[in-house]
Each structure stands twice: as structure tokens, then as C-alpha cells.
Amino acid sequence: MKKAADVEWIGPAATDGAIAAINLDSARCASWKRFRADPCRAGLAELILEQEHLAAQFLGDLDALGRMEIVADELARIDESSGRTALVEAQVASAAHRFADASRHLAHARLRGAPHARVDRQMLSVDQACGRQLNTVLEARRSIAAASGRLEDLVPLGAVLADLHRFDEADDIYRRAIVAYDDVSPFPLAWTCFQLGVLWSEIATDPDPNRATRWYQRAIEYLPRYVKARVHLAEICAVDGRLADAEALLVPALLSGDPEVSWRLADVLVQQKRGDESATHLCTARVRFEELLARHPLAFADHAAEFYAGSGGDHSRALDLARANLANRPTRRAAELASAIASSNDAAKTPCGVPFHAEVVV
Amino acid sequence: MSDHVDGPRSIGDPSADLSDLFAFTSPANSARTVLATCVFPSAGESAIFSNVIDHAIIVRRVSVTGVGNAAKFQAADDEIRFSLRFDVLKRDPAGKSLQRGTCTLPGGRSLEVVVNDEKGASTPEGDVRVFAGLRSDPFFLAWIVPELRKFPNLLQHDNVLIIVIEFDTQKLLEPAKGSLFGVCAETVPIPQPRSFIGHPVPRIDWVGRPEQTNMRLNNPAPEMAGTDDLRDLWNQQKPFAISKELQPLFLQRLKDSLAVWDMRDGKQDWTPEALAANASVFLDDFLLFDVAKSITDTSHLEIEKSTINGQPYQTGGGRTVDANVIDILITWLVNRDREFMQGGATSATKPGIKVFPYFATPNTTLQTVADSVELPATPDKVWALVGKFGGTWHPLIAKMRTTGSGIGELRVIETVDGKEIVERLDALDNGKRFYRYTNIAGIPASNYTGTFKVNPKGAGSVVEWNAQFLANNQPDLLVRTIVATLFKTGLESLKVRFGGPK
């Protein structure tokens, strides 16, 4: 059922998205300048990771992962045995979806005296990303969100509820996150709107594309350079036959270098019978996916699997990637992806020997 | 840091994070007062102001209502408010992004400013002049505060966004009615007439004296470990009007913190009564300045210190651009001015300037990449291959398109990994086997100038390639690596063609 706020939604004001994106780049570059002068400065490595994470998450700057690795490598070079270094290494590993590495670094961090609260917090994120012990994760997320009431704690709670298919609860929590927000940066608001879009377009068993569309549009209003929101909204437009709208969403995002933009644009162009242009973008997507897979194989395994299962046209590669993704993070979505690819290829009914976690399907 | 990143919440949008506040007499004209405030600590070179924040500098007349252990500064209710709001980015006729702002002056007049216009904007009457834009951070902190260990300036080469308001002292402050003032700056979200979701955010940040939040309320000394972080709560208070209910909480925290500061050198210099008076004065957190007296680089906090010491103050207090506020503060807190505590630096990256806008130009770092290769072939033979601006000898070039010829010629290079680089020929001398070019696009750098030349060396030649640029939205190291790789790959390929040095 649609909620009144869906119809008459005017969200909190935030700094113009173009200004915020410029200022993120500005602050990120300034942080790197300081890092080169004094890589050990308290809090600086952590700040850079946050800024690089924002660049990757919102601006589609996938080279950010490589830059994050530079931070971890530099700290490891200077002080390999510190708990802080292990925490940073864990964070970088998580960002690249190397969850086994992340868990190992967190165990080291604990042994080396890193604050337990920080270790536990990062471990919680790893467990959630891997779909492990989701009911335990849920309780922990509830507790953290109740204590702080902050958007940044409410959104992960909404995400775990969505993973557990408790869609309406997830929706409520995301909305509470927006209400609770007490700053003017557009990034957290855009993130929450995007999560609501994903919830109603991709996770819900009974998708509501109109509802998802409105949330993706809001995410883009907050942050016009939000590459993932543009891609997801373009997909809905394309399915709906609004190909010009889809193209208009994707073209400005091409500059980001995110291969998914080129891939989705290629699909849209094919539907418009613009085969030559489509082939160029498809080629770009393939080259870029392979570049990224070479450097961060697990971080892009799921998206690349979808690409090769679709217009990338390489089912065998798709299945390998989907299996690698499932082995790395045995979530419901990973299993569904592997299963769908296997089925479409008339491959074995069981896509691989790694079952996704039993708790996920409760 | 002075008020830099002074709470978990202010980290949300750095452009709303206030870091410093200044009040001083214009060094260019003693009849004018300058108030200035900084936002966006550690801003990069492209930083701009938020468009949803009201940046205000608020002045109130103050009177001394108690001295010694009863020291008290009472602010009047009436305020003199300067308020700046900025627009979203616009394009100028040349297509360059620019940001404008509007400063609302006391009495309701307004003044339009263009961000980063060094001349600023003046009222028709000439009584007020305003600048807003990026400058070198005038603040310096040369201590590792938790350990109270001297250290080089932690903000070396940093920039901040600064708002500078210079005005006719007599006209705007009317010092005949009282020459002592308190000043605060605040960042408050501009109220939105139509927001159905969420709640209005009362305030992001405010600042009076340096280090109220990061060193006094949230004392980083190990002895204060485990205490609650009160900074966000403090930042949401109204300047000049701390909530009566919360005053005891903040006062007790200040007393506890100042007691720890006093013992940082192992000696007790403060009696409990004097320490309580100091805490009470700091609770009224506004920067004091007296326009009838001299404001110098060393007069910061003199008004407060003399009053707590039971003596009439001698200077105008305030805070100049170059004031060493941290060492003045630490000395006062740790040993009550028994012995000056000099940190690991005596000045900021750049000193203030004597003319409007008084704060030094932003710090930029011009990057240089240079490489060369010696070849056994004659310079003319090498130049015949590499001297054509639109040539395709470089192995990373997949395709080359050129537009025009001679000076101004554009080359559009498609690299083997699908990137596009656009460059313009700026100078060419075939006789000297030299050309200079500018990168237009494709390398994350601005002000990029490259030179390429072939000189004789013995019986052979040497090819020299260098570039200077400012890294643009990427770490310097990364851009240097990109450029250096480009040069190295090209020059190494010449060795293959012509053979290495003999």
C-alpha cells in the first residue's frame, strides 16, 4: 500500500549535490596531500577511507578501491603490527568484498589491542554482507540504532531487515533514518533514498517499480552524479520502454568509468536499433569489467556475472563469476543470481557446492 | 584544532564546519574593524560554500560585571549580525563555474559577493567590504595535544574557506556606547518553507574563542578518557545563550578539564577558586575585543586574563590573523602565564597580509615530472620521428586526430586503454627541435604545461620531456604516476627504435 509520504514527499534540505560532489573531491585530495606528508597522523587514514568510499559509492569512482589499498599498504609498511593498521586493512578488504581477508585482519586487530567496539562493529558489517547469522546481526543493529538514533545506524538496520524479507519494516526504518537526519550533507539522504529504491525494485518479492522510481529520482535530486541511482532508474525506464529517458540518465554517468553505465547504455541503444553505438559501449563495458576484475576480482564478481549472463554474452564466464561471488558471500541474492545464470545456461540444477546460509531463507 | 571537525555531526558536511573566528583592527586602516570566520578545515583547492547554510558573525556589546574570582563578562541582548548565504554554482560567460553569495548587513542592507574575488565587494557608501573564498589556513597547531608534545604545524599547507567582513568601526559599532564586544560565528541551515519529512536542524556549528570544543570541553588528555563527548550538544546551543538547564553540565566539564590542563606540567598553578572563575569565563564563549584599545598578535585573551587576575585589561584582546592562539591558550591553562609554552611552530603556513582581504592566498603545489633518454641517433633523425605534434610514435597511442595546424593545433589522442587525451600546441621551434603544449583534457590536472625537446648529446641525442601541473581532484602522487608512466613508456620505446646509449 502506498503511504501518504510517498505522494507528498519533500525531504530535508541538503547542500546542492553538485557542490557536495566538488567538495568531496576537494576534501579527498586535501586529505591525500596530508597523508603523503604524514601517513601516521591520527584519524587521517580512516578519513581517507571514508572519503574514497563515498567517491566509489556515489560518484562511481571505482578506482577508489585501488587508492584505498594504497592507504592500507602504506600503513602496513610503516607499522605492520598495530591494531589500527589491521582495522584499516580490514576496512579496505571489506570494501573490495574480500570478506575472508577482512575477518582475518579483524582477528589480528583484536589480538593487537584495537578497540573491541570498533572490531565488533566492522565484524558486524562483514557478517551482514556475507549473510551470516542475520538474526544475530539484526539484534545488534537494532541495539546500535536504538542507542544512537542516527541515520548512519538506521540504514544498515533497514538493510538487514530487507535481507530478511521484512520489507515493510525495512521501509519504515529507512524513513525513520531520513526523519532523524540532522545535517546538510546530501550523501546520507541520497543513500537512504537509493536503498528505498533498491528495496522496492530489486529485493521485494512483489516489486513496485513506480515506488522505486520515485525514490531513485529523489536520490538523484539530492546527488545528480549518483551513478548507481542513475543506472537503477535507467533500468526501470528501459523495462518500461522509456528508452530516451534511460539514455538521458546514463549518458552523463559515462564519465565515471563505471562499466555498468556503458553496459546498460549499450542495452538501451540496442533497443533503439543503434547497433554500432551499442557495440562501442558494450566493448568499453567488457574492457572495463575485465580491468576491474583483474584488480578486485571479488568486488565486481556479481555485477560482472550479470553482465556476462546478459549482453556480455559469455555464460561460462558468468557462471564462474556467480559461483565465486556465492562462495565469497553466500547470501540469498548471490544464490539467486548463481541459480538464475545456471538455469539460463541449462547447467546443473545446483549451481555450486556452496549453499547459502540457512538463516537467510527463514 | 581551533574548532576544526569539532564533533561527529559536523563531519557530515565539511563546508558547514566552522574552524576559526578573528577580530582585529585593519592593519591598512585603523578606523576599520575586521571580523572573519573560517569553514571547511583542510579544504582542497576547488572547495566552495554550501548553498543551504546561513553563515553568520554575531557581535554583542559586552560589559565587565565581575573581576578576580568573580570575573564575568555580560553580553547585551542587542546583536549586530552579518549573515552570508551562497547560491548554487552558475556558469560565467566563459563557461567557468562561479558561486555568488549575499551578505546581509546590520540594518538590513545587502551586498552581493563573488566567491574567490580577491577584491571583495563594497557597499556604495564604502563602509563595509566583504570577501569570501579559499585562503591559506591562518591557524597553526604545533602540539600533539594528548601528549602535550611539540610537533611541526599540523595544518601546514592546509586551506580553508574564509569570510572576511571589514567595516567602519564608528558607523557600525558605535563605540561611544561601549567599546568592548563579544563575537561569535555560527552555521545554521537556512529554514526551508516546504519540508514535510524530517525536522529543522537548529544549528550545525558555532565558534567563539579558539578550542572551546576540541581542547576544553573535549579535553584529549588521557586523564579525560571515557568522558562523554559533549561537542555536538554544545554546537547546538545558541551563541550568547547557553541553555540554562545545560549550563551546570558544561561548567562542570570545563572545571574538570581545566583542572587536568593545570596539572599537565605536574605543577598546580591554579587555585580552585581561580580555576572556577576561568571555567565560568570560558563558559560564556565569545571572543572578546575592545575597539578602543590596541589589538596585536599577542593581545589574544588578555582581556579575560587580566580580569580574572583582578586587574584592568590593557589591550583590545581579539585575535589577529597571525596570533599564536594555541600557545597563548596552553600557557594560560597549564601554568597561568608563569612560563610561555612555545609549540613546534611559530607561524602558520603563510602569514597574514597587510591589505584586504588580510588572509594569504591558498596553498597550491605545482607538480613537476621530468624524464629523458639518450639515443645513438642524430637529433634531426629523432626529431623527424617525434617532432610532429600529431605524430603517433608513442606506443600508448591507439588513434590520433588533429585539428588545425601550427600554434593552436589540437591533438586528440585515443590511448590503447580507451582513454582520450586532448592537448594544444602552444609553441613550436623545429630549428631547436622543441615544442610546448597544454593539456586540455584526459589527465586529471590543471595548469598542465608540457615541453618536449631533442638536443644533441655527443654523437647522438637526448630527448627531454617534462611537465608541470596541478593535480586536479586526484592525489598528486597518482597524477604524477600517470604522467611519469606516459613519459617513461614513450621514451623507452625510442630506445627500441634507435637503440640505447652507446
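Residues numbered from 1 in each chain as written. Chains lettered and ligands numbered in written order. Predicted model: local features only at pLDDT ≥ 70, side-chain atom pairs only at ≥ 80, totals over all residues.

K.L.:
Which residues make up the overall build of chain B, and what values go with them?
P.N.:
The number of helices and strands found in chain B is 9 helices and 24 strands. In terms of its C-alpha atoms, chain B occupies a principal-axis envelope of roughly 90 × 55 × 50 Å. In chain B, buried positions account for 45% of the 502 residues. Within chain B, counting contacts between residues at least 6 apart in sequence, those at least 24 apart form 61% of the total. (Helix = DSSP H or I, 4+ residues; strand = E, 2+ residues; numbered from the N terminus. Buried ≥ 20, exposed ≤ 12 C-beta atoms within 10 Å, placed from the backbone. Contact = placed C-beta atoms within 7 Å.)

K.L.:
Go over the overall build of chain A with me, naming the residues and quoting the values.
P.N.:
Within chain A, the regular secondary structure consists of 19 helices and 0 strands. The globule rule puts the C-alpha radius of gyration for 362 residues at 21 Å, and the 20 Å found for chain A is close to it. Dimensions of chain A, computed from the C-alpha atoms along their principal axes, are close to 60 × 50 × 45 Å. When each of the 362 residues of chain A is scored for burial, the buried share is 55%. When contacts within chain A are restricted to residue pairs at least 6 apart in sequence, long-range pairs at least 24 apart make up 54% of them. (Rg over C-alpha atoms; globule rule 2.2 N^0.38 Å.)

K.L.:
A description of the domain arrangement of chain B should follow, citing residues and the corresponding values.
P.N.:
Its domain assignment divides chain B into domain 1 (9-335) and domain 2 (367-498). A C-alpha centroid distance of 49 Å is found between domain 1 of chain B and domain 2 of chain B. (Domains from an automatic or database assignment.)

K.L.:
Can you lay out the domain arrangement of chain A for me, pointing to particular residues and giving the numbers?
P.N.:
All names here are of chain A. Each assigned domain of chain A is listed with its residue range as follows: domain 1 (16-125), domain 2 (133-214), domain 3 (224-299) and domain 4 (311-362). Residue-level contacts link 7 residues of domain 3 with 4 residues of domain 4. Of all the secondary-structure elements, those providing two or more residues to the side of domain 3 that touches domain 4 are α15 (259-271) and α16 (275-295). Among the elements that line the side of domain 3 that touches domain 4, the one with the most residues is α15, at 3 residues.

K.L.:
I'd like a description of unusual backbone geometry, backed by residues and values.
P.N.:
That bond from B:F356 to B:P357 is cis: its omega, 5°, falls within 30 degrees of zero. Its location among the elements puts B:P357 in the loop between α7 (325-335) and β18 (367-375). In this structure, A:Q133 is a non-glycine residue whose phi angle is positive, near 45°. Along the chain, the position of A:Q133 falls in the loop between α7 (116-130) and α8 (134-148).

K.L.:
Tell me about the interface of chain A and chain B, residues and numbers included.
P.N.:
Each side of the interface is counted separately: chain A has 33 residues, and chain B has 37 residues. Elements supplying a minimum of two residues to the side of chain A that touches chain B: α2 (17-37), α10 (167-180) and α16 of chain A. No other element matches the 14 residues that α2(A) contributes to the side of chain A that touches chain B. Classifying every residue of the side of chain A that touches chain B gives 18 nonpolar, 7 polar and 8 charged. (Nonpolar A, V, L, I, M, F, W, Y, C, P; charged D, E, K, R; others polar.)

K.L.:
I'd love a proper account of the sheet that holds β18(B), names of residues and values included.
P.N.:
All names here are of chain B. Strand order in the open sheet made by the 7 strands is β18-β24-β23-β22-β21-β20-β19, with antiparallel pairing throughout. Strand pairing shows two members of the sheet lacking a second neighbour, β18 and β19 (397-403), which therefore form its edges. The mean inter-strand angle of the sheet, taken between neighbouring strand axes irrespective of direction, is 20°. In terms of strand pairing, β18 meets strand β24 (residues 460-471) through 9 bridges, oriented antiparallel. (Pairing = 2+ DSSP bridges. Axes fitted to C-alpha atoms, helices over the stretch in contact; angles between N-to-C directions.)

K.L.:
An account of the sheet that holds strand β2 (residues 32-43) of chain B is requested, with residue identities and associated values reported.
P.N.:
All names here are of chain B. Pairing is antiparallel in the open sheet, where 5 strands are placed in the order β1-β2-β14-β11-β10. Looking at strand neighbours, the two that pair on one side only are β1 (18-25) and β10 (121-122), the edges of this open sheet. Looking at chain direction, β2 and strand β14 (residues 159-168) are connected through 9 bridges and run antiparallel. Counterpart to C38 in the pairing with β14 is I162.

K.L.:
Tell me about α10(A), and name the residues and values.
P.N.:
Residues and elements named next belong to chain A. In a regular helix each residue adds 1.5 Å, so 14 residues correspond to 20 Å; α10 covers 20 Å between its end C-alpha atoms and thus fits that length. Restricting attention to buried positions, one finds in α10 the residues A170, D171, I173, Y174, A177 and I178. All buried residues of α10 fall inside an arc of 165° around its axis, so they share one side. Check the buried side of α10 and you find it contacts α9 (151-163) and α11 (186-203). (Expected span 1.5 Å × (residues − 1). Arc of directions from axis to C-beta.)

K.L.:
Describe the confidence of the model for chain B, with residues and values.
P.N.:
Residues of chain B with pLDDT of at least 70 account for 95%, and the chain-wide mean is 91. The low-confidence segment residues 4-11 of chain B (pLDDT under 50) makes 24 contacts with residues lying over four places distant or belonging to another chain. (pLDDT = per-residue confidence, 0-100.)

K.L.:
Before we move on, can you summarise the nonpolar core with the specific residues and values?
P.N.:
Judged by nonpolar contacts, the single largest core of 214 residues is most densely connected at A:A190, A:A219, A:L223, A:A305, B:L161, B:V164 and B:V183. Beyond its immediate stretch of four places on either side in the chain, A:L223 contacts A:G17, A:A20, A:A21, A:F58, A:P186, A:F187 and A:A190. The next biggest cluster of nonpolar side chains, apart from the first, holds 36 residues, and it includes B:V145, B:I328, B:W332 and B:A345. (Core = buried A, V, L, I, M, F, W, Y, C linked by C-beta atoms within 7 Å.)

K.L.:
Which residues make up the environment of A:S143, and what are the values?
P.N.:
For A:S143, the position within the fold is in helix α8. C-beta crowding within 10 Å serves as the criterion here: with 12 such atoms nearby, A:S143 is assigned to the exposed category.

K.L.:
Can you break down helix α5 (residues 272-283) of chain B residue by residue, with the values?
P.N.:
End to end, α5(B) covers 16 Å across 12 residues, agreeing with the expected 16 Å (1.5 Å per residue, within 8%). Listed in full, the buried residues belonging to α5(B) are B:L275, B:A277, B:N278, B:A279, B:S280, B:V281 and B:F282.

K.L.:
Before we move on, could you go through the environment of B:A259 and cite the residues and values that matter?
P.N.:
Residue and element names in this part refer to chain B. Looking at the secondary structure, you find A259 in helix α4 (residues 247-262). Overall, A259 belongs to the partly exposed group, with 17 C-beta atoms counted inside 10 Å. The spatial distance from the C-alpha of A259 to the C-alpha of A176 is 39 Å, given a sequence separation of 83 residues.

K.L.:
Describe the packing of helix α4 (residues 64-78) of chain A against helix α5 (residues 83-95) of chain A, listing the residues and the values that go with them.
P.N.:
Residue and element names in this part refer to chain A. Direction vectors running N to C along α4 and α5 enclose 160°, while the axes themselves pass 9 Å from each other. Judged by the angle between their axes, α4 and α5 are roughly antiparallel. The way α4 lies across α5 gives a crossing that is left-handed. Contact with α4, carried on its side by L65, M68, E69, V71, A72, L75 and A76, involves T85, V88, E89, V92 and A95 of α5 and no other residues of that element. Within the contact of α4 with α5, the residues separate by chemical class into 9 nonpolar, 1 polar and 2 charged. (Parallel < 35°, antiparallel > 145°, perpendicular 65-115°, else oblique. Left-handed = near helix turned anticlockwise from the far one by under 90°.)

K.L.:
Give a detailed account of the pairing of strand β3 (residues 53-66) of chain B, specifying residues and quantitative values.
P.N.:
Residue and element names in this part refer to chain B. Here β3 pairs with strand β15 (residues 180-189) via 9 bridges, running antiparallel. Directly across from R61, in β15, lies its bridge partner F181. In terms of strand pairing, β3 meets strand β5 (residues 80-86) through 5 bridges, oriented antiparallel. Bridge pairing links H55 to L84 in β5. Connecting β3 to the next strand, strand β4 (residues 72-75), in antiparallel fashion are 5 residues, including G68 with a positive phi near 60°.

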